[in-house]
Amino acid sequence: MQQLTASEVEMCKQAVARSSSRLEQSSHPSPQKHAALKKEVRIASKAPRLGGIIAVGTAVTSKGTRMSDVTQSPFFTILLPSFLETFSPNTISHDGSSRFRYRFYVGCDAGDKLYDSEAARKKFSELFVRRVGHHRTNGFDDGVSKDDSEDLIGLRLMSLEGTSGAPSWAVAALMKRAYDDGADWLFQLNDDARLLTLGWELRLTGALASNQVTRLLGVTGPTDLTNPRIFTHVFVHRTHLEIHGSFFPPAFRNYYSDDWISAVYGTSSTFRLPDVKMKHETKKQKTGKIERYKPDMSARKALGKQVEDGTKRVLRWLRVRGQDPLRFPLDSVCGFVPLAGYSYVISRSSNESLPSENDGGVR
């Protein structure tokens, strides 16, 4: 099997960037005002019955920052305020309750001098409760209760081992916990990500639900005004972990994980929504460079192979579900489709090995 080279992967990414928006496939018109949004989501005939728990996975660190207290975290000055300004608590279901619930999974490196202490976690949790307090609906109690299954917004704080300098690993650990907790949707957002579009959850879930290959397959995310070329922040259904076993492959510690997820689903299942916007404010609270870690540039060598392996997992997953893998169109590189033969073989073979824990697939 011929592997994709780095240059071929770059061409794949360019193909993804040229893919047309799937907005017309979604039945949600873009809400511009709160009043319009409230009216829209109450008309059952025009709104698909989407809902469930949206897990927001956010890795935090004090490295390379000017912070002296967790209350100065970009999480509280950028991410959380923008979330509260743009999420849609009035998106209701047939019984009058909120169709979506939200869980923040916030993780720091074990031993982080600012975040990883009982006192810091207590202060972080208390400030979180105060900030989201006026959104206490649907049984919302204290925001961080042990049993928050009915809360509209909840919080999980985690101390992560072995993730120092590896935010992609940290995000993967947070998303695995969210998956195990039963989250339906997984949204990777940095603490310095500012959401700008009202009703983003309707658009993001709708894009995945309208996938013509198979419902809920693929990747979407807001357009980052700082770097619109790729998905710097990612939104997927829990199906993503069922296919790949991890939110990002372990080959990516910090760099190139966003390149991988922007390419692995190809143009058919990669949904760019130009009118769902966010801005990555990379210089907030930084002492110098925009990165709070040493970039692992060597991961670029693994990118082509990881994209190929990920595409194989998607093809096998489709076959396991009884769907012909040929339904998943593969992108061409210079007129050549590297995985076309593989797709044809597994679409015709009932003996092809199934995904395992070693090559993806959550058990």
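Above this text is the structure in question.
Rules of the game
Residues numbered from 1 in each chain as written. Predicted model: local features only at pLDDT ≥ 70, side-chain atom pairs only at ≥ 80, totals over all residues. Heavy atoms only, no water. 1 Å grid on protein atoms, 1.4 Å probe; cavity = no way out; pocket = protein on both sides within 12 Å on 5 of 7 lines; lining within 4 Å. Points joined across faces, edges and corners; volume = space filled by probe spheres on them. Helix = DSSP H or I, 4+ residues; strand = E, 2+ residues; numbered from the N terminus. Nonpolar A, V, L, I, M, F, W, Y, C, P; charged D, E, K, R; others polar. Expected span 1.5 Å × (residues − 1). Buried < 20%, exposed > 50% of the residue type's maximum accessible area, 1.4 Å probe, protein only. Axes fitted to C-alpha atoms, helices over the stretch in contact; angles between N-to-C directions. Left-handed = near helix turned anticlockwise from the far one by under 90°. Contact = heavy atoms within 4.5 Å. Salt bridge = Lys/Arg side-chain N within 4 Å of Asp/Glu carboxyl O. Phe/Tyr/Trp six-rings, centres within 6.5 Å; stacked < 30°, edge-to-face > 60°. Lys NZ or Arg CZ within 6 Å of the ring centre and 35° of its normal.

Novice: Which parts of the structure should I look at to understand empty space enclosed by the protein?
Specialist: With a probe scaled to a water molecule rolled over the atoms, the places where space remains empty come into view. Following the criterion strictly, the structure yields three cavities of 30 Å³ or more and no others. Reported here for the second largest cavity is a volume of approximately 90 Å³. Contributing to the lining of the second largest cavity are Val60, Val106, Gly107, Cys108, Tyr115, Ala120, Arg121, Phe124, Leu157, Met158 and Ser159. When residues of the lining of the second largest cavity are traced back to their parent elements, those giving at least two are strand S2 (100–109), helix H4 (118–132) and strand S3 (153–160). Split by residue class, the lining of the second largest cavity holds eight nonpolar, two polar and one charged.

Novice: Looking at this structure, I do not really get helix H5 (residues 167–180). What am I missing?
Specialist: Given a rise of 1.5 Å per residue, 14 residues ought to cover 20 Å, and the 20 Å separating the end C-alpha atoms of H5 matches this to within 8%. All buried positions along H5 are accounted for by Ser168, Ala170, Val171, Ala172, Leu174, Met175, Ala178 and Tyr179. Looking one or two residues past H5, Gly182 carries a phi angle of roughly 95°, positive in sign.

Novice: Looking at this structure, I do not really get the packing of helix H3 (residues 74–86) against H4. What am I missing?
Specialist: To describe two helices that pack against each other, one gives the angle between their axes and the distance between the axes. Axis separation between H3 and H4 bottoms out at 11 Å; the angle between their running directions is 35°. H4 is crossed by H3, and the crossing has right-handed handedness. Along its contact with H3, which presents Phe75, Phe76, Leu80 and Leu84, the element H4 presents Phe124, Leu127, Phe128, Arg131 and Val132. Here the residues of the contact of H3 with H4 are counted per class, giving eight nonpolar, no polar and one charged.

Novice: Whenever I open this one, the pattern of salt bridges confuses me. Can you help?
Specialist: Two side chains carrying opposite charge are able to pair once their charged atoms lie near each other. Tallied over the full model, the rule gives 12 salt bridges. Between Glu242 and Arg238 there is a salt bridge; the shortest N-O distance is 3.8 Å. With relative accessibility at 28%, the residue Glu242 sits in the partly exposed group. A single network of salt bridges, built from pairs that share partners, joins Asp116, Glu118 and Arg121.

Novice: Mind showing me how you'd approach the packing of aromatic side chains here?
Specialist: One pair of aromatic rings is described through two measures. These are the centre distance and the angle between the planes. This structure, assessed with the given rule, holds 18 aromatic pairs. Note on Phe83 and Trp200: the rings are 5.9 Å apart at their centroids and 50° apart in plane angle, and the pair reads as tilted. Remark: Trp200 occurs in helix H6 (residues 200–209) and Phe83 occurs in helix H3; sequence separation between them is 117 residues. Neither Phe83 nor Trp200 differs from the other in exposure class; each is buried. Here the aromatic rings of Phe87 and Tyr102 are separated by 5.2 Å at their centres, their planes lie at 85°, and the arrangement is edge-to-face. A residue pair is termed long-range when its members are at least 10 positions apart, and Phe87 in the loop between H3 and S2 and Tyr102 in strand S2 qualify at 15 residues. The ring of Trp169 has Arg253 lying over it, and the distance from NZ or CZ to the ring centre is 4.8 Å. Across the ring face of Phe231, the terminal group of Arg272 is positioned such that the distance to the ring centre comes to 4.7 Å.

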